[in-house]
Amino acid sequence: MKTKGILVCLVSLLLLSCGDGENNFKLEGSFKGFNQGELYVYSLNGSHKLDTVGVNKGEFTYKAAITEPTTLVVVFPNYSEIPVFAEPGVTVKIKGDASHLRETEVKGTDTNKEMTDFRLRTSSMTPPQMLSEAEKFISEHSASPISVYLLNKYFIQTSEPDFAKIQKLAKTILDASPDNHKLAAIMSKLDGLKALKVGSRLPQFFAAGLNGESVSSSDLNAKVNVITLWASWNYESINIQNQLARLQRQHPGSLKVLSISIDGSVKDCKKIVERDSIKWSTVCDGRMWDTPVLQKIGLTYLPDNIVTDAQGKIIARTLSYQDLNKKIEELIE
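Residues numbered from 1 in each chain as written. Predicted model: local features only at pLDDT ≥ 70, side-chain atom pairs only at ≥ 80, totals over all residues. Heavy atoms only, no water.

## Quick look at the overall build of the chain
The line we're drawing: Helix and strand assignments follow DSSP, with helices taken as H or I runs no shorter than four residues and strands as E runs no shorter than two, numbered in order from the N terminus. Relative accessibility under 20% of the residue-type maximum defines a buried residue, over 50% an exposed one, and the middle range a partly exposed one, all with a 1.4 Å probe and only protein chains included. Contact definition: two residues touch when any of their heavy atoms are within 4.5 Å. Surface accessibility follows the Shrake-Rupley procedure with a 1.4 Å probe radius. Residue values consider only the protein chains on display as shielding.
Of the regular secondary structure elements, the chain holds 10 helices and 16 strands. In the chain, buried positions account for 52% of the 333 residues. Within the chain, residue pairs in contact and separated by at least 24 positions form 65% of the contacts whose partners lie at least 6 positions apart. Per element, the accessible surface of the chain, about 15200 Å² overall, is 49% carbon and sulfur.

## Quick look at the sheet that holds strand β14 (residues 282–283)
Formally: Strands are treated as partners if at least two bridges between them are detected by DSSP. Lines fitted to the C-alpha atoms define the axes, with helices restricted to the stretch that makes contact. Angles between their N-to-C directions range from 0 to 180 degrees.
The mixed open sheet is built from 5 strands, whose spatial order is β14-β13-β12-β15-β16. Pairing within the sheet leaves two strands with one partner each, and these edge strands are β14 and β16 (314–317). Pairing analysis gives 7 bridges linking strand β12 (residues 224–230) to strand β13 (residues 255–261), with the strands arranged parallel. Across the sheet, residue Asn225 finds its bridge partner in β13, namely Lys256. Packing of helix α10 (residues 321–332) onto the sheet brings it into contact with β12, β13, β15 (304–308) and β16, and relative to β12 it is tilted by some 165 degrees.

## As for the confidence of the model for the chain
This is how it is decided: Confidence of the predictor in every single residue is expressed as pLDDT, which spans 0 to 100.
Per-residue confidence for the chain gives a mean pLDDT of 83, with 85% of residues at or over 70. Taken together, the stretch residues 1–19 has pLDDT below 50 and engages in 104 contacts with residues farther than four places along the chain or on a different chain. Under a pLDDT of 50 for its full length, residues 44–50 has, in the predicted model, 20 contacts with residues more than four places off or in other chains.

## Focus on the pairing of β15
Across the 5 residues of β15, 5 count as buried, placing the element largely inside the fold. Burial along β15 is two-sided: Asp304, Ile306 and Thr308 facing one way and Asn305 and Val307 facing the other are all buried. Note: β12 against β15, 5 bridges, orientation antiparallel. When the bridges of β15 are listed, Val226 appears paired with Val307. Where β15 lies against β16, 3 bridges are found, and the strand directions are antiparallel. Within the sheet, the bridge partner assigned to Val307 lies in β16 and is Ala316.

## Notes on the packing of aromatic side chains
The condition is simple: Side-chain rings of Phe, Tyr and Trp, where Trp is taken by its six-membered ring, are said to pair if the distance between their centres is within 6.5 Å; with planes under 30 degrees apart they count as stacked, over 60 as edge-to-face, and otherwise as tilted.
Scanning the model with the defined rule gives 1 aromatic pair in all. Here Phe118 and Phe137 contribute two aromatic rings whose centre-to-centre distance is 5.7 Å and whose plane-to-plane angle is 70 degrees, an arrangement assigned as edge-to-face. With Phe118 in helix α1 (residues 110–122) and Phe137 in helix α2 (residues 127–140), this pair connects stretches of sequence that are 19 residues apart. Taking relative accessible area as the criterion, Phe118 reaches 1% and is therefore assigned buried.

## A closer look at the pattern of salt bridges
Where charged atoms from two side chains of opposite charge approach closely, those side chains can pair. Counted only if it meets this: One side-chain nitrogen of Lys or Arg within 4 Å of one carboxyl oxygen of Asp or Glu is enough to make a salt bridge.
A complete count under the given rule lists 10 salt bridges for this structure. With a shortest N-O distance of 3.9 Å, Glu28 and Lys93 are connected by a salt bridge. Residue Glu28 is located in strand β2 (residues 24–32), and its partner Lys93 is located in strand β8 (residues 91–97); the two are separated by 65 residues in the primary sequence. On the basis of relative accessibility, which here comes to 24%, the residue Glu28 falls in the partly exposed class.

## Things to note about the packing of helix α3 (residues 145–156) against helix α4 (residues 163–176)
Formally: By the definition adopted for this analysis, an angle is roughly parallel if under 35 degrees, roughly antiparallel if over 145, roughly perpendicular if from 65 to 115, and oblique otherwise. Think of it as three bins: nonpolar holds Ala, Val, Leu, Ile, Met, Phe, Trp, Tyr, Cys and Pro, charged holds Asp, Glu, Lys and Arg, and polar takes everything else, Gly as well.
Running from N to C, α3 and α4 point in directions that differ by 175 degrees, and their axes come no closer than 11 Å. As judged from the angle between their axes, α3 and α4 are roughly antiparallel. Contacts from Ser147, Val148, Leu151, Phe155 and Ile156 of α3 reach α4 at Lys165, Ile166, Leu169, Ala170 and Ile173. When its residues are assigned to classes, the contact of α3 with α4 shows 8 nonpolar, 1 polar and 1 charged.

Written as structure tokens, this is what we have:
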């Protein structure tokens, strides 16, 4: 699988720096160990069209005419990510080593320096310690755009979101920035996530597959049904795809699968589906986390999955490779 990174626009912030033109944001990057590849530039709030940026000899330059502050997140093949904060007229420089991403430096503004300091300070912490530091930062810097990023990254995009904690931290941020519409947009996605409780019914949805076919929740009417979330750069999610293909061959008619890909490139998504001979419908529209069906059913974690019965009752969710195999075999027997 070719090396690539993905730039995903998530939230907003205020920066203080000069840039490359009155409205242009400029990002200059240099990464050791990442010689050739592509970067995808994407805006979750829809303010930017998806672009592709080439990386040559470990370096790349990206310019965008933006009209409001935005946060970029550089995502690598192993799904590690580095946030970069941008606004019109700002130039930001990012430098690092692909094998030591947590030590990457992002320069050009005080906010980027502050985020770099946070990342370096917490790089060796355990997950519980990281959550504690993120919560502390949000409480002490509630008006900072970094707080919105941390809330989304460490509290929402997890396998088991703590909704009470999310609401508390979001209120802290909104009290400091009442007009933070980016945070409001992120919070609006939680309704679907809350609905994904074991024992509840799968929310109704409609979508289009890669081949233009209609896809809906009513199609999942087999004895066992699985919705799986995957991406070409996430190896565990690819392994789950292949596992489901094997199980479906073993239990024809008893297992139905629907895949949702958050790839930024529909072309790359199709290549993976064809390479792995995936026979069921795959939803991939290039909008990544902003794919409408994800907003409807609330999946926010990669890889993720939902297991339902023939009536649409959620039996299990967010199972590991081993647990998913065990659960399907148990339900089909």
